[in-house]
Amino acid sequence: MFVFDSSPLVASCQFTVGRRAVAEIALADADVRILPAVYAEVITRGGSRPDALIAAGLITAGYIRAVDATEVGEALEDLQHYQLGQGEQEALTLTTRLGNGAIMVTDDFLAWIVANRLGVSCQLFLDFVVGRATRGELPAMEAQHIVRAVSPRYPSGFVPHSLAMLRRLP
Amino acid sequence: MSLISIRMPEDLEEVLRPVLERDPDKGTEWLRAGFEARLAELYQQWQTLRISTARFAELLGVSPWELADLLRARSLKTTNLPG
């Protein structure tokens with residue numbers, strides 16, 4: 001199970017491969033969950049923006065499951081030491097509570113560091129894509145198209161490394 | 001350009017009203033300068049990992065989509081990943 005915060009969701013709905021949003025390809029048949037605060041940040045506050053409507057469509061299509069607030073519980077006390085957003089706090093809290101079965105996906109470096117300090121499994125969106133291709137859940141060629149499509153977002157090094165990992169796949 | 005109303009604290013109104021009556025465009029200038037200054041301050045905090053991406057958007061009062069638009073429009077980095 002993958003718990004997304006808003007950063008990879010926003011990025012994957014803003015870039016396209018051909019005429020399809022990256023999210024529509026990358027998230028297909030993956031078990032992706034978002035928390036109430038992420039829903040509010042991305043869907044509610046996104047309103048009728050075309051990219052926000054893509055995100056809303058992913059929920060309607062069942063690509064993403066919106067998790068109920070009762071499943072999250074109170075935010076982890078350790079998070080008070082950091083200036084994280086509501087969605088990131090909920091994602092970290094749920095992923096921590098779920099233990100080994102859950103992986104948080106974020107492109108926020110601070111959230112990524114906090115997740116690592118908490119011992120929570122955490123991936124960048126690029127690693128989520130590479131991981132899916134590695135497990136045979138996404139064709140390697142399609143994964144390469146996705147990585148190239150989102151490349152403007154990442155600092156140098158991240159994209160060539162991801163492409164190299166994908167090229168090594170059998 | 002559209003016309004919007006915003007609440008102003010009394011102490012500020014005393015100072016600003018006479019200026020705005022003489023030069024209504026000053027309000028636009030102040031609004032832009034204030035917003036850009038706040039954006040620059042938060043961007044700095046975000047790049048040095050004092051705040052996260054979602055917190056950046058919350059403190060600026062925009063959605064994550066709008067934050068991405070604002071950063072792109074100014075040719076700023078759209079992530080706080082190093083490099």
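One can find the structure itself at the top, above this paragraph.
Rules of the game
Residues numbered from 1 in each chain as written. Chains lettered and ligands numbered in written order. Predicted model: local features only at pLDDT ≥ 70, side-chain atom pairs only at ≥ 80, totals over all residues. Heavy atoms only, no water. Helix = DSSP H or I, 4+ residues; strand = E, 2+ residues; numbered from the N terminus. Buried < 20%, exposed > 50% of the residue type's maximum accessible area, 1.4 Å probe, protein only. Areas by Shrake-Rupley, 256 points an atom, 1.4 Å probe, with all protein chains shown as cover. Lys, Arg positive; Asp, Glu negative; His and termini not counted. Charge placed at Lys NZ, Arg CZ, Asp CG, Glu CD. Polar contact = N/O pair within 3.5 Å; in protein donor to acceptor, adjacent residues only side chain to side chain. Contact = heavy atoms within 4.5 Å. Salt bridge = Lys/Arg side-chain N within 4 Å of Asp/Glu carboxyl O. Buried area = accessible area lost by both parts, 1.4 Å probe.

J.: I'd like a rundown of the overall build of chain A, residues and numbers included.
T.: When helices and strands are counted, chain A shows 10 helices and seven strands. Viewed in the frame of its principal axes, chain A has a C-alpha envelope of about 40 × 35 × 25 Å. A buried classification covers 53% of the 170 residues belonging to chain A. Carbon and sulfur atoms form 52% of the exposed surface of chain A, whose accessible area is close to 7,600 Å². Charge centroids of chain A, computed over 14 positive and 18 negative side chains, lie 9 Å from each other.

J.: So what's going on with the side chain of Ser12 of chain A? Residues and values would help.
T.: Residue and element names in this part refer to chain A. The topology assignment puts Ser12 in helix H1 (residues 6-14). Its relative accessible area of 0% is what places Ser12 among the buried residues. A distance of 2.8 Å separates a polar atom in the side chain of Ser12 from the backbone oxygen of Pro8. Apart from residues no more than four positions distant in its own chain, Ser12 is found in contact with Ala21, Val22, Ala23 and Phe125.

J.: Hey, could you go over the environment of Met165 of chain A for me, with residue numbers and the actual values?
T.: Within the fold, Met165 of chain A resides in helix H10 (residues 158-167). For Met165 of chain A, a relative accessible area of 21% puts it in the partly exposed group.

J.: Residue-level account of the pattern of salt bridges, with values.
T.: Oppositely charged side chains can pair when the atoms bearing their charge come close. In total, this model carries 14 salt bridges over all chains according to the counting rule given. Residue Arg33 of chain A is joined to Asp31 of chain A by a salt bridge in which the shortest nitrogen-to-oxygen separation is 2.8 Å. Residues participating in the shared-partner salt-bridge network are Arg49 and Asp51 of chain A together with Asp69 and Arg72 of chain B.

J.: Can you explain the interface of chain A and chain B? Please cite residues and give values.
T.: Chain A puts 28 residues into the contact, and the matching count from chain B is 26 residues. Here chain A meets chain B over a buried area of about 2,200 Å², counting both sides, of which 59% is carbon and sulfur. Sorting the residues of chain A by area buried against chain B places Arg45, Gln83 and Phe109 of chain A first, and these three jointly supply 26% of that buried surface. In this structure, the connection of chain A to chain B is made through one salt bridge. Across the pair Asp69 of chain B and Arg49 of chain A runs a salt bridge, and its minimum N-O distance is 2.6 Å. When residues of the side of chain A that touches chain B are traced back to their parent elements, those giving at least two are H1, helix H3 (36-44), helix H4 (50-60), helix H6 (86-98) and helix H7 (109-118) of chain A.

J.: Give a detailed account of the environment of Thr134 of chain A, specifying residues and quantitative values.
T.: All names here are of chain A. For Thr134, the position within the fold is in helix H8 (residues 125-134). For the pair Thr134 and Leu124, spaced 10 residues apart in the sequence, the C-alpha separation amounts to 15 Å. At 2.7 Å, the side chain of Thr134 forms a polar contact with the backbone oxygen of Val130.

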